[in-house]
Amino acid sequence: MPEPTRVLLTDEGPALISGPVELELPDGTRVRSDRAVTAVCHCRRSKRYPFCDASHRRKVRPEGPDA
């Protein structure tokens, strides 16, 4: 039995998908990545959407004890 595909959902970054992956976008477009691990954007800030380009790092984080 093959190993299941591993998807790691991060708190403030991309979803990390192990192995080659084909993604289907809402408009029906399909994109493929053959990388060992693919970072998929879920903040929609990426200029390479659906792939992450680390644009989420530009988010201003609140400071202080309630942040």
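Residues numbered from 1 in each chain as written. Predicted model: local features only at pLDDT ≥ 70, side-chain atom pairs only at ≥ 80, totals over all residues. Heavy atoms only, no water.

**Notes on the sheet that holds strand β1 (residues 7-9)**
Line of reasoning, step 1. Judged by pairing direction, the sheet is antiparallel, and its three strands sit side by side in the order β1-β2-β5 without closing on themselves. In this open sheet, the two strands that pair with only one neighbour each are β1 and β5 (37-40). Looking at each pair of strands side by side, their axes are set apart by 20° on average, direction ignored. (Pairing = 2+ DSSP bridges. Helix = DSSP H or I, 4+ residues; strand = E, 2+ residues; numbered from the N terminus. Axes fitted to C-alpha atoms, helices over the stretch in contact; angles between N-to-C directions.)

**Comments concerning the nonpolar core**
Line of reasoning, step 1. A15, I17, V21, L23, V40 and F51 form the largest nonpolar core, which has six residues in total.
Line of reasoning, step 2. The set of elements that each furnish at least two residues to this core consists of β2 (15-18) and β3 (21-24).
Line of reasoning, step 3. Each residue touching A15, except ones within four places of it in the same chain, is listed here: L8, L9, T38, A39, V40 and H42. (Core = buried A, V, L, I, M, F, W, Y, C linked by side-chain atoms within 4.5 Å. Buried < 20%, exposed > 50% of the residue type's maximum accessible area, 1.4 Å probe, protein only. Contact = heavy atoms within 4.5 Å.)

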